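# Observations on chain architecture
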Amino acid sequence: AAAAAAAAAAAGGTGHEHEWHQAPAGLELAQPFLDRAQELHEHAPGVALACLANSRRLALPRGAAQPGKRYRWLAALDSRIALDAEALEGIDLQAATASFATQLVKNASAFDSPGSGDLTVAQAFYVATLVLEACKQYGELTAELAGTEAHAQSRSQEIRRVAAQRYDDARPAVSSGLSAMKF
């Protein structure tokens, strides 16, 4: 498939290159990886490529190669992967993704504190878990990286829980007025 995508790209592309960034219905689990690939393409192209490849890996068993919109999306994604892979030939993607995720967790941890409800920090931890998930396609995570992934996932969930609780606590109680009515 990668060879076919490279050939299509060399011949001017598939005509659907702009469609790779939006997963079709039924393949939404690939979307967070596609979003990260778009965010990181300019600053961390190796990590972006790993995220693209992981979105493909996740989508294939769920029928991404079926005719129609899913197939066009897969062809566009394959074209994008082929172009990026050619540009990044020789880059150790496992090392690049592991290093990026580790640095992301360190940066997020510097702004983290117990009881924090900072959603920017939660998002950084979440992105680190996605990048480490993409890293797994190149081999098992080391024990240290698995621990980093578990920590990032836990902190992301805890921070979001705290933020949701603060939101719930700050919302004014709404009364239907029924208790004041006499029946």
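Quick look at the structure, then. Computed from a predicted model, the values in this text were never measured in an experiment.

The contact between helix α5 (residues 93-111) and helix α7 (residues 143-170) brings their axes to 11 Å, and the two run at 45°. By the criterion of interaxial angle, the relationship of α5 to α7 is oblique. Both α5 and α7 take part in a crossing whose hand is left-handed. On the side of α5, the interface is formed by Ala98, Thr102, Val105 and Ser109, while α7 contributes Leu145, Thr148, His151 and Ala152. Grouping the constituent residues of the contact of α5 with α7 by class yields four nonpolar, four polar and no charged.

Looking now at α7. A rise of 1.5 Å per residue sets the reference length of α7, with its 28 residues, at 40 Å; its end C-alpha atoms lie 40 Å apart and thus fit the reference within 8%. Structurally, α7 contributes buried residues whose contacts are with α5 and α6 (119-135).

Our focus in this paragraph is the environment of alanine 150. If you trace the backbone, alanine 150 turns up in helix α7. For alanine 150, a relative accessible area of 44% gives the class partly exposed. Separated by 21 residues in sequence, alanine 150 and threonine 129 place their C-alpha atoms 8.0 Å apart.

All right, on to the pattern of salt bridges then. Per the stated rule, a full pass over the model turns up eight salt bridges. For glutamate 133, the salt bridge is made with arginine 57, and the minimal N-O distance between the two is 3.8 Å. With glutamate 133 in helix α6 and arginine 57 in helix α3 (residues 45-59), this pair connects stretches of sequence that are 76 residues apart. Among the residues examined, glutamate 133 registers a relative accessible area of 26% and is labelled partly exposed. Of the residues examined, arginine 57 reaches a relative accessible area of 38% and is grouped as partly exposed. Two residues, glutamate 158 and arginine 161, come together in a salt bridge whose shortest N-O distance is 2.6 Å. Here arginine 161 and glutamate 158 lie together in helix α7, a separation of three residues that amounts to about one turn. Glutamate 158 sits in the partly exposed class, given a relative accessible area of 29%. Among the residues examined, arginine 161 registers a relative accessible area of 46% and is labelled partly exposed. Through salt bridges that share partners, Arg57, Glu133, Lys136 and Glu149 make up one connected network.

Quick look at the layout of surface pockets now. Put simply, the largest pocket is a space of about 220 Å³. Forming the walls of the largest pocket are 13 residues, and the residues nearest its centre are Leu104, Thr120, Val121, Gln123 and Ala124. Contributing elements (two or more residues each) for the lining of the largest pocket: α2 (31-40), α5 and α6.

Trp20, Leu34, Leu52, Trp73, Leu77 and Phe125 are the most contacted members of the largest nonpolar core, which has 45 residues in total. With 11 residues, the single largest contributor to this core is α6.

Our next topic: the side chain of arginine 36. Relative to the assigned elements, arginine 36 resides in helix α2. Here arginine 36 is in contact with Cys51, Gln123, Tyr126, Val127 and Leu130, once residues within four sequence places are set aside.

For the pair α2 and α6, the least separation of the axes is 10 Å and the interaxial angle reads 105°. Classified by the angle their axes make, α2 and α6 are roughly perpendicular. Contacts between α2 and α6 pair Pro32, Phe33 and Arg36 from the former with Gln123, Tyr126, Val127, Leu130, Glu133 and Ala134 from the latter. Class assignment for the residues of the contact of α2 with α6 results in six nonpolar, one polar and two charged.

Reading the values: the criteria
Here the residue numbers are simple positions, counted from 1 along each chain's written sequence. Totals for whole chains, interfaces and linings use every residue, but because this is a predicted model, local features are given only for residues with pLDDT of at least 70 and side-chain atom pairs only at 80 or more, for both listing and counting. Working from all heavy atoms in the structure, the side-chain values ignore hydrogens and water. Only the stretch in contact is used when fitting a helix axis, every axis being a line fitted to C-alpha atoms; angles between N-to-C directions are given from 0 to 180 degrees. Under the DSSP-based scheme used, a helix requires at least four consecutive residues in state H or I and a strand at least two consecutive residues in state E, with every element numbered from the N terminus. Each angle gets one of four labels, with under 35 degrees taken as roughly parallel, over 145 as roughly antiparallel, 65 to 115 as roughly perpendicular, and the rest as oblique. By definition, turning the near helix anticlockwise from the far helix through less than a right angle yields a left-handed crossing, and turning it clockwise yields a right-handed one. By definition in these notes, contact holds between two residues if any of their heavy atoms fall within 4.5 Å. Here the term charged refers only to Asp, Glu, Lys and Arg, the term nonpolar to Ala, Val, Leu, Ile, Met, Phe, Trp, Tyr, Cys and Pro, and the term polar to all other amino acids, Gly among them. Residue count minus one, scaled by 1.5 Å, sets the expected span of a helix. Buried, partly exposed and exposed residues are distinguished by accessible area as a fraction of the type maximum, computed with a 1.4 Å probe on protein chains only: under 20%, between the cut-offs, and over 50%, respectively. Throughout this description, the term salt bridge denotes a Lys or Arg side-chain nitrogen within 4 Å of a carboxyl oxygen of Asp or Glu. Using a grid of 1 Å spacing that covers the protein atoms alone, one calls a set of points a cavity when a 1.4 Å probe fits there but cannot get out, and a pocket when the set is open and has protein on both sides within 12 Å along at least five of seven lines; lining residues are those with an atom within 4 Å of a point. Grid points are joined across faces, edges and corners, and a volume is the space filled by probe spheres set on the points. We define the nonpolar core as a collection of buried residues of types Ala, Val, Leu, Ile, Met, Phe, Trp, Tyr and Cys that are connected through side-chain atoms lying within 4.5 Å of one another.

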